[in-house]
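A look at the structure
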Amino acid sequence: MYSVKELVESVGLTSVPSSYIFRDTKSDVHCMHVQSETVPIIDFSLLTSHDPDRRSETITRLGNACLEWGFFMVVNHGVSEMLRDEMVRETESFFDLREEDKRQYAGKKLFDPIRCGTSFNSNVDKTLLWRDYLKIHVHPHFNAPDKPSGFSKVLREYCQKTRDIAGELLKGISESLGLEAGYINEKMRVGSSESHQLLVANMYPPCPQPELAMGLPPHSDHGLLTILMQNGIDGLQVMHEGNWVSINPLPNSFLVNTGDHMEILTNGKYKSVVHRAVVNSKAPRVSIGTAHGPPLDTVVSPAPELMTDGVGQAYLGIKYKNYLELQQSKTLSGKSCLDHLRLSI
């Protein structure tokens, strides 16, 4: 199958091929107003501050962001602008490789160390997505493509930095729930040598009819947290109070959203956020996300400490690996995977 990038560049498209047209795109937009709002901002330097009052205020802010949005921006995180820029450049260079160079990574299996492809799951997708991807399992075992030549070094450093950020955010989230700071990291073994980190880089080429196509349809992410940055081109929209909110990141910020396993672990208190990626006709958009979760063999179930005051268990427990397999076996659609685990309480 052609990558979208190859399709766009090889035939000079002036219209969207029928296999990429989302039949409900227009009605979806009409049903839910797209608007801009100020999303929560978390100052990472205050979260890691030695000043207990400032840290406490930031933890409260972080808890509110998880409770009300499931999404927030992180600023003053300590990751240099140079490293971020290098990561974007190397990712763009990967997508610019010749198709035969990328084809060696056209893996078919979910847990292949490196996979690149198009759409989400082209075997079951009813409509193809205007998106090419690169997925790399970067932890516990680090993997990287051979090309571009500088990618591996930059990728290793970037993924370590985002793991460190995720660990600190999870400490703050634990405390916001009234738990010990290390609760989530220890229970989910996120800080361990076996924790799972998946890097997903997306390329959304310019689309001649962006109102007809979709980069990624409404969905929630697996894992506890996803940490995202992009190349300066907007396209991310988050569902908030029944409306789509267009996200315009602050310079040098990270975008963070809660995943399905955060919702399971907190027994529904901190819900995963539904989001989507829309496309544009003017410039390619690149996004780079890292999904942070427990080791693949970990069973994730609601924390007993959060099933108090007569609140029963709201979700079945499931092995992290099995959840990833469930998600990959289906078309990407809202919270359809999480719905399989809901219990009537």
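It should be noted that the structure appears before, not after, this text.
Since the model is a prediction, treat every value here as computed from it, not as a measurement. (Residues numbered from 1 in each chain as written. Predicted model: local features only at pLDDT ≥ 70, side-chain atom pairs only at ≥ 80, totals over all residues. Heavy atoms only, no water.)

Turning next to the pairing of strand 13 (residues 285-293). Within strand 13, nine of the nine residues are buried, which leaves the element mostly enclosed by the surrounding structure. Here strand 13 shows two buried faces, one formed by R285, S287, G289, A291 and G293 and the other by V286, I288, T290 and H292. Of the pairings in the sheet, the one linking strand 6 (residues 196-204) to strand 13 comprises nine bridges and is antiparallel in character. If you follow N202 over to strand 13, its bridge partner there is S287. Here six bridges tie strand 8 (residues 225-230) to strand 13, and the two strands are oriented antiparallel to one another. Bridging across to strand 13, I227 finds its partner in T290. (Buried < 20%, exposed > 50% of the residue type's maximum accessible area, 1.4 Å probe, protein only. Helix = DSSP H or I, 4+ residues; strand = E, 2+ residues; numbered from the N terminus. Pairing = 2+ DSSP bridges.)

Here the focus is the side chain of D260. If you trace the backbone, D260 turns up in helix 9 (residues 260-265). Salt bridges are absent for the buried D260, whose nearest opposite-charge side chain, K335, sits at 5.5 Å. If we ignore the near neighbours within four places in the chain, the residues touching D260 are S220, D221, H222, G223, S272, Y323 and L338. (Lys, Arg positive; Asp, Glu negative; His and termini not counted. Salt bridge = Lys/Arg side-chain N within 4 Å of Asp/Glu carboxyl O. Contact = heavy atoms within 4.5 Å.)

For the pair helix 5 (residues 81-95) and helix 7 (residues 151-176), the least separation of the axes is 10 Å and the interaxial angle reads 130 degrees. Put simply, helix 5 runs oblique to helix 7. For the crossing formed where helix 5 meets helix 7, the hand is left-handed. Two secondary-structure elements touch here, helix 5 through L83, E86, M87, E90, T91 and F94 and helix 7 through F151, V154, L155, E157, Y158 and K161. Considering only residue class, the contact of helix 5 with helix 7 consists of seven nonpolar, one polar and four charged. (Axes fitted to C-alpha atoms, helices over the stretch in contact; angles between N-to-C directions. Parallel < 35°, antiparallel > 145°, perpendicular 65-115°, else oblique. Left-handed = near helix turned anticlockwise from the far one by under 90°. Nonpolar A, V, L, I, M, F, W, Y, C, P; charged D, E, K, R; others polar.)

Let us now look at the environment of A291. Tracing the chain through its elements places A291 in strand 13. Note: C-alpha distance between A291 and L199 (92 residues apart in sequence) is 6.5 Å. Apart from residues no more than four positions distant in its own chain, A291 is found in contact with H196, Q197, L198, H222, L225 and T226.

Moving on, we come to the state of the cysteines. By definition, a disulfide is the covalent link that joins the sulfur atoms of two cysteine residues. According to the stated counting rule, one finds zero disulfides in the structure shown. Left unpaired, C116 is separated from the closest cysteine sulfur, that of C159, by 17 Å. (Disulfide = S-S within 2.5 Å.)

The next point concerns the packing of helix 4 (residues 52-68) against helix 7. Following both chains from N to C, one finds helix 4 and helix 7 inclined at 85 degrees, their axes separated by 8 Å at the closest point. Regarding the angle of helix 4 to helix 7, the classification is roughly perpendicular. The residues of helix 7 that touch helix 4, namely those facing R55, I59, L62, G63 and C66, are L169, K171, G172, I173, E175 and S176. Partitioning the contact of helix 4 with helix 7 into residue classes produces five nonpolar, three polar and three charged.

Here the focus is the nonpolar core. In this structure, I173, I184 and L199 are the most contacted members of the largest nonpolar core, which totals 64 residues. For this core, the element with the highest residue contribution is helix 7, accounting for ten residues. Residues in contact with I184, not counting those within four places in the same chain, are L170, I173, S174, L177, R189, V190, L224, M262 and L265. Membership of the second largest hydrophobic core comes to 17 residues, among which are V16, L128, C207 and M214. (Core = buried A, V, L, I, M, F, W, Y, C linked by side-chain atoms within 4.5 Å.)

A sheet is described by the order of its strands in space; here eight strands give the open sequence 2-3-11-8-13-6-5-4, paired in mixed fashion. Across the chains shown, the open sheet's two edge strands, defined by having one partner strand only, are strand 2 (41-43) and strand 4 (114-118). On average, each strand axis in the sheet is tilted by 25 degrees relative to the strand beside it, whichever way the strands run. Set on the sheet, helix 4 makes contact with strand 2, strand 3 (71-75) and strand 11 (254-258); between it and strand 2 the angle comes to about 150 degrees.

Counting buried positions over the five residues of strand 4 gives four, a clear majority of the element. The sheet contact formed by strand 4 and strand 5 (residues 132-139) spans five bridges and is antiparallel. When the bridges of strand 5 are listed, G117 appears paired with Y133.

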